[in-house]
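Take a look at the letters that make up each chain.
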Amino acid sequence: MKRTVSLFFYIFLCFTLLSVTSCGSDDNTPTDTTVKEGSNLMCRINGVAYFFRILDSKNSTLEITWDRINGATCVSSSCVRYSGNLVVPSNITYNGVYYTVTKVDDYAFYGSSSLVSVTLPSTIKELGSELFTNCGSLTGVVLNNGLTKIGSRAFANCPALASVPLTSNLVVIGDEAFENCQNLTSLTIPESVDSIGYGAFSGCKGLRSLSLNNNITAISDNMFYGCSGLTEVEIPSKVTTIGAHAFDGCSSVATLKLGSSLTSIGMAAFGNCNNISVIYSYNLVPPICNVNGVFSIYSATLRVYNTSINAYKSATEWSNFGTIKGL
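Not measured: the values here are computed from a predicted model.

Engineer: Please clarify how the overall build of the chain should be interpreted in this entry.
Structural biologist: Each helix and strand in the chain was counted, giving two helices and 24 strands. Taken over 327 residues, the chain has a buried fraction of 50%. Pairs at least 24 apart in sequence give 35% of the contacts found in the chain among residues at least 6 apart. Just so you have it, the chain exposes about 14,200 Å², and 49% of that area is on carbon and sulfur atoms.

Engineer: Would you take a moment to explain the pattern of salt bridges for this structure?
Structural biologist: Oppositely charged side chains can form a pair if their charged atoms are brought close together. This structure, assessed with the given rule, holds seven salt bridges. For R53, the salt bridge is made with E63, and the minimal N-O distance between the two is 2.7 Å. A residue pair is termed long-range when its members are at least 10 positions apart, and R53 in strand β3 (residues 48–56) and E63 in strand β4 (residues 61–65) qualify at ten residues. We classify R53 as partly exposed; its relative accessible area is 24%.

Engineer: Teacher, can you tell me more about the sheet that holds strand β20 (residues 264–265) here?
Structural biologist: Backbone hydrogen bonds are what pair the strands of a sheet, in a parallel or an antiparallel way. One open sheet holds the four strands; their spatial order is β16-β18-β20-β22, and the pairing between them is parallel. Among the strands making up the open sheet, the edge pair consists of β16 (218–219) and β22 (288–289). Where β20 lies against β22, two bridges are found, and the strand directions are parallel. Its bridge partner lying in β22, S264 is registered against I288.

Engineer: Explain the sheet that holds strand β17 (residues 232–234) to me, please; I cannot follow it from the model alone.
Structural biologist: Ordered in space as β17-β19-β21-β23-β24, the five strands form an open sheet in which the pairing is parallel. Every interior strand has two partners, whereas the edge strands, β17 and β24 (323–326), have only one. When strand polarity is set aside, the average angle formed by the axes of neighbouring strands in this sheet is 15 degrees. Strand direction decides the pairing type here: strand β21 (residues 278–281) and strand β23 (residues 301–304), joined by three bridges, are parallel. Note that in β23 the partner of I279 across the bridge is L302.

Engineer: Would you mind showing me how to read the pairing of strand β7 (residues 97–104) here?
Structural biologist: For a regular strand, side chains alternate in direction, first toward one face of the sheet and then toward the other. Where β4 lies against β7, four bridges are found, and the strand directions are parallel. Bridge pairing links I64 to V104 in β7. Inspection of the sheet shows strand β6 (residues 91–94) paired to β7 by four bridges, in the antiparallel sense. Of the residues in β7, the one forming a bridge with Y94 is V97. Connecting β6 to the next strand, β7, in antiparallel fashion are two residues, including N95 with a positive phi near 50 degrees. Inspection of the sheet shows β7 paired to strand β9 (residues 126–127) by two bridges, in the parallel sense. Its bridge partner lying in β9, V104 is registered against L127.

Engineer: Quick question: what am I supposed to make of the packing of aromatic side chains here?
Structural biologist: Each aromatic ring pair is characterised by the separation of its centres together with the angle its planes make. Taken as a whole, this structure holds 21 aromatic pairs when the rule is applied. Relative to F321, the ring of F295 lies with its centre 5.2 Å away and its plane at 80 degrees, an arrangement referred to as edge-to-face. Placement of the pair is F295 in the loop between β22 and β23 and F321 in the loop between α2 (309–313) and β24, with a sequence separation of 26 residues. Considered together, F295 and F321 belong to a single accessibility category, that of buried residues.

Engineer: Would you take a moment to explain the confidence of the model for the chain for this structure?
Structural biologist: In low-pLDDT segments, the atomic positions of the prediction should not be examined closely. Overall, the prediction assigns the chain a mean pLDDT of 85, with 85% of residues at 70 or greater. Contacts from residues 1–22, a stretch scored under 50 in pLDDT, to residues over four places away or in other chains number 34 contacts. Below a pLDDT of 50 lies the segment residues 24–35, which in the model reaches 24 contacts outside its immediate sequence neighbourhood of four places, other chains included.

Engineer: When you look at the pairing of β3 in this model, what are you seeing that I'm missing?
Structural biologist: As paired strands, strand β2 (residues 40–45) and β3 are joined by six bridges and run antiparallel to one another. In the strand pairing of β3, C43 is matched with Y50. In the sheet, β3 pairs with β4 via five bridges, with the strands oriented antiparallel. If you follow F52 over to β4, its bridge partner there is I64. Hairpin remark: β3 followed by β4, antiparallel, with four residues in the connecting loop; positive phi at S60, about 55 degrees.

Engineer: Honestly, a nonpolar patch on the surface in this entry has me stumped. Any pointers?
Structural biologist: Judged by side-chain polarity, L284, V285, Y305 and L327 come together as a nonpolar surface patch covering roughly 360 Å² of accessible area. Here V285 is to be found in the loop between β21 and β22. Residue classification places V285 among the exposed residues on the basis of a relative accessible area of 54%.

About the cut-offs
Residues numbered from 1 in each chain as written. Predicted model: local features only at pLDDT ≥ 70, side-chain atom pairs only at ≥ 80, totals over all residues. Heavy atoms only, no water. Helix = DSSP H or I, 4+ residues; strand = E, 2+ residues; numbered from the N terminus. Buried < 20%, exposed > 50% of the residue type's maximum accessible area, 1.4 Å probe, protein only. Contact = heavy atoms within 4.5 Å. Areas by Shrake-Rupley, 256 points an atom, 1.4 Å probe, with all protein chains shown as cover. Salt bridge = Lys/Arg side-chain N within 4 Å of Asp/Glu carboxyl O. Pairing = 2+ DSSP bridges. Axes fitted to C-alpha atoms, helices over the stretch in contact; angles between N-to-C directions. Phe/Tyr/Trp six-rings, centres within 6.5 Å; stacked < 30°, edge-to-face > 60°. pLDDT = per-residue confidence, 0-100. Patch = residues over 30% accessible without salt bridge, like charges linked within 9 Å, V, L, I, M, F, W, Y side chains within 5 Å.

This is the structure we're talking about:
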């Protein structure tokens, strides 16, 4: 009888105290008005169960998360998955308190194989790690302009993902963030981005068009490893280093343009790029190349400034090119 009273009290709270959505605690019992950090809420919006976690009770902020009732990391089959076309709310009200959704938790949508699309509100500032990993049916995500950070492996192994327009306030793209997104065909990095992690776009075989911004200063290891659909690569003028295997396996690249600030190139950065026909290097001083090899083929024509031809002809790795001409 006591349990029945508690249940009716919970339902009463949902329908009388909440002005935006119907929310309850993660164990379906009434929760005190004072909510502490880490508390979990469940809301039903248009019949869809959304799960949230309190980030900051003082500032009334939430992150959207997974069904923590049934899954410690939401990788088990018992964990409730999101599906269909999801529109994440920007705010909810719980026990008369108005909360703002500012983050997407690590693993929030992990393995939701029936999830098709997600629209995130402009209040979201940060995407956690592995939140969309292994979402095999995910075709599109709307990020909105509030976003500043995409966590590591956030979209890894989403083979159906065709488009992710990166927004104008984005600053950080984490390690392997878009690894193996094989249907991603074009990519434009906004000017606001100043940090792109290891292997961020590795395995994106469908990538045909690539536009890097002018504020990037380094190309990390494996960043575009195996992007076999790319036909042209242009390294921006502020980039000083290209990491090991950064473009290894980009087998369709025919034209390579290296910026004027480039000073070093890592091992096999352009390994297995056997279709390069012309390389433009705009630094007067030949960039330092790893002695184990940066390029896998030397039949391409190397174009450099006339005053630098002799320097390139005598520099390690660059001297392997049979044809070195002036710009």
